[in-house]
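Listed below are the residues making up each chain.
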Amino acid sequence: VEITTDNTLTFYLVGYDQDNNYIRDINAQWSVQGSIGTVSTGTDFSTSTDFIATTVGNGTVQADTSSFTDGTGVITVTGGALSYLLIRDGSNGGGAEVGAVTLTTDESLILYAAGYDADDNYISAVDASWQVTGDLDAVPASGESIEFTPSTAPTTGTITVSSAGLTGAVTGTVTVNVGVLDNVLVEDAAGGLGSAVDAVEITTDNTLTFYLVGYDQ
């Protein structure tokens, strides 16, 4: 049998004589082999149970009585319908979900839109929409993955992903700090608030104040 994680199956334990004549339905304790789901009856004895598929993989459902044991053939569980997105730092459902991140303007951050079913099984990458909050630099508007390459610091915010019909996701706080010192300029004001000093003409009655200001790349 092949089903998705959106489905359930109902099984019955049925008793027969040696000539395959039906006798009665039999109470049994039901269990799942292979960690592909659960049974509705738990550890209770019952003549039937509902198998609830939750996890992608192969397994069986087994029925045990004091005298007999039987099981299904192999049940193959595949992923269900896409339900929600996560932002991860690795492709194909790999890496980790992206929480708080601190980086500099010398660095970049590659993010992936990973799609999951309602039972938390990774299904596929999703071509999604991306946005930023706060004063972070903009990111590409769409794609299965994006690269955040900040050039403005200090800034903070979050990066969000969304797709129609799915529950979206958001990173933790992204903090961007300045990069390492890369170049200097002689300017006419301190704190990076001035302009580079080019050719200037003054008289012997004047003075000029200059500031050496450092910048990252």
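These numbers come from a predicted model, not from an experiment.

(A) Region of interest: the overall build of the protein chain. Looking only at helices and strands, the protein chain features zero helices and 24 strands. Whereas a compact globule of 217 residues would reach a radius of gyration of roughly 17 Å, the protein chain reaches 31 Å, over 25% beyond that. If you line up the protein chain on its principal axes, its C-alpha atoms span 120 × 30 × 20 Å. Across the 217 residues that make up the protein chain, the buried fraction comes to 30%. Of all intrachain contacts in the protein chain linking residues separated by at least 6 positions in sequence, the fraction that spans at least 24 positions is 53%. Within the structure as shown, the protein chain displays about 12,500 Å² of accessible surface, and the carbon and sulfur contribution to it stands at 48%.

(B) Main features of the packing of aromatic side chains. One pass over the structure, following the stated rule, counts three aromatic pairs. Plain terms: the ring middles of tyrosine 16 and tyrosine 22 are 6.2 Å apart, the flat faces sit at 75 degrees to each other, and that makes the pair edge-to-face. Since its relative accessible area comes to 48%, tyrosine 22 is described here as partly exposed. Plain terms: the ring middles of tyrosine 116 and tyrosine 122 are 5.7 Å apart, the flat faces sit at 75 degrees to each other, and that makes the pair edge-to-face.

(C) Fine view of the sheet that holds strand E22 (residues 174–177). If you walk across this open sheet you meet the three strands as E13-E22-E19, and the pairing is mixed. Bordering the open sheet on either side are strand E13 (101–104) and strand E19 (155–157), each of which pairs with just one other strand. In this sheet, neighbouring strand axes are inclined to one another by 15 degrees on average, regardless of whether the strands run parallel or antiparallel. Two elements, E19 and E22, share three bridges in a ladder whose sense is antiparallel.

(D) Structural view of the sheet that holds strand E20 (residues 159–162). Spatial strand order, E17-E16-E20-E21: four strands in an open sheet with antiparallel pairing. Edge positions in the open sheet fall to strand E17 (142–143) and strand E21 (169–170), since each of these has one partner strand only. In this structure, E20 lies alongside E21, joined through two bridges in antiparallel fashion. Bridged to valine 161 within E21 is alanine 169.

(E) Fine view of unusual backbone geometry. Look at the link from alanine 153 to proline 154: it is a cis peptide, with omega at -5 degrees. Inspection of the secondary structure assignment puts proline 154 in the loop between strand E18 (145–148) and E19. Its identity as a non-glycine residue notwithstanding, serine 35 has a phi of 55 degrees, on the positive side. Positive phi, close to 55 degrees, is recorded for asparagine 92, a residue that is not glycine. Counting through the fold element by element, asparagine 92 comes out in the loop between strand E12 (84–88) and E13. Overall, the relative accessible area of 65% leaves asparagine 92 in the exposed class.

(F) Up close: the nonpolar core. Counting 21 residues, the largest nonpolar core has Leu111, Trp130, Phe148, Ile159 and Val161 as its most contacted members. Within the residue set of this core, elements represented by two or more residues are E12, E13, strand E14 (109–116), strand E16 (128–132), E18, E20 and E22. Here the element with the most residues in this core is E14; it accounts for three residues. Ala28, Ile36, Ala53 and Ala63 belong to the second-largest nonpolar core, a separate cluster that totals 15 residues.

(G) Looking closely at the environment of threonine 54. Position of threonine 54 among the secondary structure elements: in the loop between strand E8 (48–53) and strand E9 (57–64). Threonine 54 has contacts with Thr5, Ile36, Gly37, Asp119 and Asn121, leaving out every residue within four places of it along the chain. Here threonine 55 takes part through its side chain, which lies 3.2 Å from a polar atom of the side chain of threonine 54.

(H) Geometry of the layout of surface pockets. For the largest pocket, the calculated volume is near 370 Å³. Contributing to the lining of the largest pocket are 18 residues, with Leu13, Val14, Gly15, Ile26 and Phe68 lying nearest its centre. Elements represented by at least two residues in the lining of the largest pocket include exactly strand E2 (8–12), strand E3 (14–16), strand E4 (22–25), E9 and strand E10 (69–71).

(I) Region of interest: the pairing of E4. Where E3 lies against E4, three bridges are found, and the strand directions are antiparallel. Paired with valine 14 across the two strands is aspartate 25, which belongs to E4. The hairpin formed by E3 and E4 contains five residues between the paired strands, and asparagine 20 there has a positive phi angle of roughly 65 degrees.

Rules behind the numbers
- Residues numbered from 1 in each chain as written.
- Predicted model: local features only at pLDDT ≥ 70, side-chain atom pairs only at ≥ 80, totals over all residues.
- Heavy atoms only, no water.
- Helix = DSSP H or I, 4+ residues; strand = E, 2+ residues; numbered from the N terminus.
- Rg over C-alpha atoms; globule rule 2.2 N^0.38 Å.
- Buried < 20%, exposed > 50% of the residue type's maximum accessible area, 1.4 Å probe, protein only.
- Contact = heavy atoms within 4.5 Å.
- Areas by Shrake-Rupley, 256 points an atom, 1.4 Å probe, with all protein chains shown as cover.
- Phe/Tyr/Trp six-rings, centres within 6.5 Å; stacked < 30°, edge-to-face > 60°.
- Pairing = 2+ DSSP bridges.
- Axes fitted to C-alpha atoms, helices over the stretch in contact; angles between N-to-C directions.
- Core = buried A, V, L, I, M, F, W, Y, C linked by side-chain atoms within 4.5 Å.
- Polar contact = N/O pair within 3.5 Å; in protein donor to acceptor, adjacent residues only side chain to side chain.
- 1 Å grid on protein atoms, 1.4 Å probe; cavity = no way out; pocket = protein on both sides within 12 Å on 5 of 7 lines; lining within 4 Å.
- Points joined across faces, edges and corners; volume = space filled by probe spheres on them.

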